[in-house]
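The primary structure of each chain is shown beneath.
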Amino acid sequence: MMEGVRELVALGRRQWWSRSRLEGFQLERLRRLLRHAAANVPFYRELYGKAGIDVEEVRTLEDLRRLPVVRREDLQARPQEELIADGVDPARVIRTRTSGSTGVPLEILSRRRDRSVFNPSFFRSYLAWGLRPWHRMTYFQARPEKLVERSWYEPLGIFRRQMLSSLDPPERSLEAIASWRPHLIHGYSLTLKLLAEAAVRRGVQVPVPLVASTSGVLDEVGRDLIRRAFGARILDIYASEEAGSVMAWQCPRCEGHHLCLDTVVVEIVRDGRPVGPGEEGAVLVTNLSNFTMPLIRYEQGDIVRRSSREPVCGRGLPLIESVQGRAGDYVVLTSGRRLTPHPFFLVLDHALGVGRWQVVQESLERIVVRVTASATGEPPDRGFIVEGIRRLVGPGVAIEVEVVERLRDDPSRKLRSVVSRLPESAIGRE
Ligand SMILES: [Zn+2]
């Protein structure tokens with residue numbers, strides 16, 4: 001149990017290291033992982049063997065680019081025992097699932113020590129934003145078994161958590177939060193948005209200093225609602241199960257998110273080449289902690305923008321400008337241009353008679369907009385929606401509006417407002 005404390009202390013120190021020291025540390029960990037994977041994991045043994053790659057020749061981060069990219073489908077196509085290290089008993093591992101835009105979950109296998117950095121990596125960002133051990137927190141969880149999870153330090157009055165289900169009606173969660181009076185609320189961006197929406201609708205203001213948002217981009221509408229409902233500052237955290245820790249977190253002082261060089265390698269690429277400062281590209285992540293089921297140059301399916309700024313806070317961790325969203329959150333036009341979700345909010349959030357909505361790009365030629373009726377009971381303004389989206393996507397695309405009883409959430413309630421069903425390969429490239 002002290003391992004988490006040790007990790008947190010180490011993470012806390014390393015963020016202030018110089019860039020070159022951090023890069024040296026990262027490279028050392030990377031080489032250890034590559035050696036292990038090439039020797040002990042059947043999948044990588046074969047992958048690198050076929051490509052004629054000797055991982056000993058990876059001596060710099062640039063050399064990493066010689067290794068093949070690993071996609072979710074590559075892993076899903078193989079039996080699990082080929083993905084994990086020789087000698088690991090599959091019956092004795094921790095299994096976590098992650099759902100992608102294709103909706104087919106990938107199971108990530110790990111052991112306890114592979115995960116020791118996971119929680120501390122979140123706490124590093126909370127601490128930077130002023131969370132202190134005596135502060136209370138509210139955590140939203142989708143999985144019921146997590147709701148009873150308690151850390152050993154909580155009974156000592158340290159970082160005490162209230163666990164709420166992200167599947168509960170927001171009104172009920174609001175009451176629980178109002179009586180717990182947390183310093184921090186942590187949850188999926190959509191959960192937080194619905195919560196804040198409910199508070200604003202009911203005219204209740206619950207003061208909460210800090211709201212930490214993960215999984216999905218919190219759009220401007222959501223940010224605004226959270227500020228109004230809680231008066232909170234917003235900390236955006238970019239993390240994934242595949243990465244095994246936080247990949248990047250928003251800095252309270254810098255303009256941007258700090259990349260966690262000490263726990264992951266994040267490459268930002270377009271057409272296989274790293275993008276320049278200020279440019280956006282697809283994320284390839286290498287999890288430096290998971291030696292049970294290594295993920296090396298794994299295509300995360302997100303689009304981020306590299307920053308052209310240097311940190312002003314003194315941290316050695318470099319900056320990315322923003323997390324633009326999942327590759328599957330983009331609508332791709334026949335010209336190859338990608339549209340971010342943002343302009344769709346401008347149309348749908350202003351359409352009369354619309355409750356919740358989702359835009360689904362079924363193909364290059366067809367977009368389906370699903371909406372629920374608003375509480376006012378007036379019919380959704382189809383003409384406005386079709387006309388607005390037509391302006392965004394241009395001619396040659398069929399736009400259909402369907403009014404539905406309710407929108408289907410995925411079990412974790414990470415409903416995405418804009419979804420493209422085009423293959424990821426068509427979205428990540430231009
Ligand atoms: Zn900073």
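Computed from a predicted model, the values in this text were never measured in an experiment.

Cut-off values and rules
- Residues numbered from 1 in each chain as written.
- Predicted model: local features only at pLDDT ≥ 70, side-chain atom pairs only at ≥ 80, totals over all residues.
- Heavy atoms only, no water.
- Helix = DSSP H or I, 4+ residues; strand = E, 2+ residues; numbered from the N terminus.
- Rg over C-alpha atoms; globule rule 2.2 N^0.38 Å.
- Buried < 20%, exposed > 50% of the residue type's maximum accessible area, 1.4 Å probe, protein only.
- Contact = heavy atoms within 4.5 Å.
- Areas by Shrake-Rupley, 256 points an atom, 1.4 Å probe, with all protein chains shown as cover.
- Lys, Arg positive; Asp, Glu negative; His and termini not counted.
- Charge placed at Lys NZ, Arg CZ, Asp CG, Glu CD.
- Polar contact = N/O pair within 3.5 Å; in protein donor to acceptor, adjacent residues only side chain to side chain.
- Salt bridge = Lys/Arg side-chain N within 4 Å of Asp/Glu carboxyl O.
- 1 Å grid on protein atoms, 1.4 Å probe; cavity = no way out; pocket = protein on both sides within 12 Å on 5 of 7 lines; lining within 4 Å.
- Points joined across faces, edges and corners; volume = space filled by probe spheres on them.
- Nonpolar A, V, L, I, M, F, W, Y, C, P; charged D, E, K, R; others polar.
- Domains from an automatic or database assignment.
- Phe/Tyr/Trp six-rings, centres within 6.5 Å; stacked < 30°, edge-to-face > 60°.
- Expected span 1.5 Å × (residues − 1).
- Donors = N, O, S within 2.8 Å, 3.2 Å for Na, K, Ca; no water.
- Tetrahedral: all angles 85-135°; square planar, octahedral: opposite > 155°, others 65-115°.
- Pairing = 2+ DSSP bridges.
- Axes fitted to C-alpha atoms, helices over the stretch in contact; angles between N-to-C directions.
- Parallel < 35°, antiparallel > 145°, perpendicular 65-115°, else oblique.

1. A few points about the overall build of the protein
On a plain count of helices and strands, the protein comes out with twelve helices and 20 strands. Scaling as 2.2 N^0.38, a compact globule of 430 residues should have a C-alpha radius of gyration of about 22 Å, and the protein matches this with 22 Å. Taking the principal axes of the C-alpha coordinates as reference, the protein spans close to 65 × 55 × 45 Å. The burial tally for the protein puts 53% of its 430 residues in the buried class. A fraction of 65% describes how many contacts in the protein between residues 6 or more apart in sequence connect residues 24 or more apart. Here the protein has roughly 19400 Å² of accessible surface; of this, 51% comes from carbon and sulfur atoms. Put simply, the protein has 65 plus and 55 minus side-chain charges, and the middle of one group is 5 Å from the middle of the other.

2. Quick look at the environment of Arg-95
Counting through the fold element by element, Arg-95 comes out in strand S1 (residues 94–98). Separated by 136 residues in sequence, Arg-95 and Gly-231 have C-alpha atoms that sit 37 Å apart. Setting aside residues up to four positions removed in sequence, Arg-95 forms contacts with Gln-80, Pro-90, Glu-107, Ile-108 and Leu-109. Among the polar contacts listed, one links the side chain of Arg-95 to the side chain of Gln-80, at a separation of 3.0 Å. Side chain to side chain, Arg-95 and Glu-107 meet in a polar contact 2.9 Å long.

3. Here's the deal with the pattern of salt bridges
Inspection of the entire model under this criterion finds 29 salt bridges. Measuring nitrogen to oxygen at the nearest pair gives 3.3 Å for the salt bridge that ties Asp-63 to Arg-66. The salt bridge partner of Glu-255 is Arg-309, with a shortest N-O separation of 3.3 Å. Note that Glu-255 is positioned in the loop between strand S8 (245–250) and strand S9 (257–259) and Arg-309 in the loop between strand S13 (298–306) and strand S14 (319–326), a separation of 54 residues in sequence. With relative accessibility at 55%, the residue Glu-255 sits in the exposed group. Overlapping salt bridges, with partners in common, bring together Glu-46, Lys-50, Arg-78 and Glu-82 in one network.

4. Focus: the layout of surface pockets
The calculated volume of the second largest pocket comes to roughly 900 Å³. Elements supplying a minimum of two residues to the lining of the second largest pocket: helix H8 (189–202), strand S17 (354–363) and strand S18 (366–373). Looking at the lining of the second largest pocket element by element, the count peaks at five residues for H8. Classifying every residue of the lining of the second largest pocket by side-chain character gives 14 nonpolar, six polar and seven charged. Split by domain, the residues of the lining of the second largest pocket number at least three in each of domain 2 (118–238) and domain 3 (330–428).

5. Examining the packing of aromatic side chains
Here the structure, examined in full by the defined rule, presents eight aromatic pairs. Ring geometry for Phe-43 and Tyr-44: centres 5.0 Å apart, planes at 85 degrees, overall edge-to-face. For the pair Phe-43 and Tyr-44, a shared accessibility class is recorded, and that class is buried. Seen from their ring centres, Trp-152 and Tyr-153 are 5.4 Å apart, and the 80 degrees between their planes marks the pair as edge-to-face.

6. Describing H8
In this model H8 runs 20 Å from its N-terminal to its C-terminal C-alpha over 14 residues, within 8% of the 20 Å that 1.5 Å per residue would give. Taken together, the buried positions of H8 are occupied by Ser-189, Leu-190, Thr-191, Leu-192, Lys-193, Leu-194, Leu-195, Ala-196, Ala-198 and Ala-199. Where H8 ends, the next residue or the one after it, Gly-203, has phi of about 70 degrees, a positive value.

7. As for the coordination of the zinc ion
Those donors, Cys-251 (SG), Cys-254 (SG), His-258 (NE2) and Cys-313 (SG), are the protein atoms that reach the zinc ion, and they lie 2.1 to 2.3 Å from it. Coordination at the zinc ion is tetrahedral, judged from the four donor atoms that bind it and the angles of 102 to 119 degrees they form at the metal.

8. Considerations on the sheet that holds strand S19 (residues 398–403)
Picture the strands of a sheet paired through backbone hydrogen bonds; they go either parallel or antiparallel. Taken in spatial order, the four strands of this open sheet run S19-S18-S17-S20, and their pairing is mixed. Because the sheet does not close on itself, it has two edges, and the strands there are S19 and strand S20 (418–420). When the angles between neighbouring strand axes are averaged without regard to direction, this sheet yields 20 degrees. Examined bridge by bridge, S18 and S19 share six bridges and lie parallel to one another. By the bridge assignment, Val-368 is partnered in S19 with Glu-400. Running at roughly 145 degrees to S19, helix H11 (residues 382–393) makes contact with S17, S18 and S19 of the sheet.

9. Thoughts on the pairing of S17
Pairing of S17 with S18 involves seven bridges; the strand directions are antiparallel. Its bridge partner lying in S18, Gln-358 is registered against Arg-370. The antiparallel pairing of S17 with S18 creates a hairpin that spans two residues between the two strands. Sheet analysis places S17 next to S20, joined by three bridges and oriented parallel. By the bridge assignment for S20, Val-359 is matched with Val-418.

10. Topic: the domain arrangement of the protein
The domain boundaries assigned to the protein delineate domain 1 (2–115 + 241–328), domain 2 (118–238) and domain 3 (330–428). Placing a centre on the C-alpha atoms of domain 2 and another on those of domain 3 gives a separation of 28 Å.

11. Section: the side chain of His-183
On the secondary structure map, His-183 appears in the loop between helix H7 (170–180) and strand S5 (184–188). Once you skip the residues sitting within four places of it in the chain, His-183 turns out to touch Gly-130, Leu-131, His-135, Arg-136, Val-208, Pro-209 and Leu-210.

12. Side note on the packing of helix H2 (residues 19–40) against helix H3 (residues 42–50)
At a closest axis distance of 5 Å, the pairing of H2 and H3 adopts a crossing angle of 95 degrees. Classified by the interaxial angle, the pair formed by H2 and H3 is roughly perpendicular. Where H2 abuts H3, its residues Leu-34, Ala-37, Ala-38, Ala-39 and Asn-40 lie against Pro-42, Tyr-44, Arg-45 and Tyr-48. Here the contact of H2 with H3 is built from residues that sort into seven nonpolar, one polar and one charged.

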